Amino acid sequence: MAEDGFTQMIDDSNAFFAELSQNNTKAWFDPRKEHYNTHIKKPAELFADLLAEDFSRISGRGHKPKVFRIYRDVRFSKDKTPLNAHLHILWEQVGDNPFAPGFFFASSPSELAVAYGIIGLKGEALTRYRAFVDTWGDALVAALAETGMEMSDWGPEPLKRVPQPYDADHPHADLLRRKSLLVHAPLGQEWREQKGGLLTAVRKRFEDVQPLGKLMADRLT
């Protein structure tokens with residue numbers, strides 16, 4: 001069985017969020033807030049801190065973790081339910097590099113997955129990304145395949161046409177049309193039976209994306 005102690009965090013959060021999705025109100029949550037803080041939020045913060053240290057060591061670049069709040073920002077949303085029925089964690093590289101990829105963890109009753117990449121490129125950063133794809137597209141495709149993950153559609157919708165000045169039949173047209181570069185993969189349930197449990201499974205996925213991260217660090221400037 002898994003040995004890292006975070007199996008209970010996932011099981012508790014799945015049960016909690018399954019109920020929350022059926023009772024997404026402040027009145028339901030308030031008397032259960034202490035349970036959420038004790039059994040989900042605090043373990044998640046420890047999980048995030050431990051992996052931030054690992055990610056920094058593996059990549060040679062400092063990473064800072066962020067456990068997303070359970071409270072939703074509903075100001076500009078048609079959906080006015082006040083709470084998020086999922087656990088999301090993001091690890092960002094320290095610094096202000098617009099091309100520094102983030103590593104993302106998502107857990108809910110219906111999903112356990114990780115993602116890696118950059119989201120929402122625009123302006124000069126988007127122009128530089130397209131030049132990178134044009135010049136290093138073959139290496140990028142190889143690095144993406146090496147991650148063992150699939151391209152994600154999360155983020156801005158791709159353009160319908162290849163942007164100028166690139167040819168419509170460019171060999172990497174799909175990548176040129178994108179405004180994000182993100183891969184994702186489910187974790188499945190195998191981690192429950194593996195030595196090291198969830199920490200090891202997520203750390204392994206971070207190791208898998210390092211060739212992509214190195215290519216971006218070396219060539220996407």
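Let me sum up the structure you'll find in this document.

About the criteria used
- Residues numbered from 1 in each chain as written.
- Predicted model: local features only at pLDDT ≥ 70, side-chain atom pairs only at ≥ 80, totals over all residues.
- Heavy atoms only, no water.
- Phe/Tyr/Trp six-rings, centres within 6.5 Å; stacked < 30°, edge-to-face > 60°.
- Helix = DSSP H or I, 4+ residues; strand = E, 2+ residues; numbered from the N terminus.
- Buried < 20%, exposed > 50% of the residue type's maximum accessible area, 1.4 Å probe, protein only.
- Core = buried A, V, L, I, M, F, W, Y, C linked by side-chain atoms within 4.5 Å.
- Contact = heavy atoms within 4.5 Å.
- Pairing = 2+ DSSP bridges.
- Salt bridge = Lys/Arg side-chain N within 4 Å of Asp/Glu carboxyl O.

What follows covers the packing of aromatic side chains. Within this structure, the stated rule accounts for 18 aromatic pairs. Ring plane angle 55° and centroid distance 5.4 Å describe the contact between Phe16 and Trp28, whose orientation is recorded as tilted. Remark: Trp28 occurs in helix H2 (residues 26–29) and Phe16 occurs in helix H1 (residues 7–22); sequence separation between them is 12 residues. On the accessibility criterion, Trp28 (10% relative accessible area) is buried. Through a chain of ring-to-ring contacts, three or more aromatic side chains come together here, namely Phe6, Phe47, Phe55, Trp91, Phe103, Phe105, Tyr116 and Phe206.

Judged by nonpolar contacts, the single largest core of 58 residues is most densely connected at Phe47, Trp91, Phe105, Leu198 and Val202. Ignoring any residue separated from it by four or fewer positions in sequence, one finds Phe105 in contact with Ile10, Phe47, Leu87, His88, Ile89, Trp91, Leu112, Ala113, Val114, Leu187, Leu198 and Val202. Judged by nonpolar contacts, the second largest core, of five residues, contains Leu90, Phe104, Ala106 and Leu182.

This part covers the sheet that holds strand E3 (residues 102–108). Taken together, the six strands give an open sheet; going across it, the order is E1-E2-E3-E4-E6-E5, and neighbouring strands pair in antiparallel fashion. Only two strands of the sheet have a single neighbouring strand rather than two, namely strand E1 (63–67) and strand E5 (150–151). Sheet topology note: the E3/strand E4 (residues 111–118) ladder contains seven bridges and is antiparallel. By the bridge assignment, Phe104 is partnered in E4 with Ala115.

Tallying each qualifying case throughout the model produces 12 salt bridges. In this structure, the salt-bridge partner of Asp30 is Lys26, at a minimum N-O distance of 2.7 Å. Judged by its relative accessible area of 37%, Asp30 falls in the partly exposed class. Take Lys26: its relative accessible area is 56%, and that puts it in the exposed class. The closest approach of N and O atoms between Asp208 and Lys204, which form a salt bridge, is 2.8 Å. One end of the pair is Asp208 and the other is Lys204, both in helix H6 (residues 197–208) and four residues apart, which spans about a single turn. A relative accessible area of 18% places Asp208 in the buried class.

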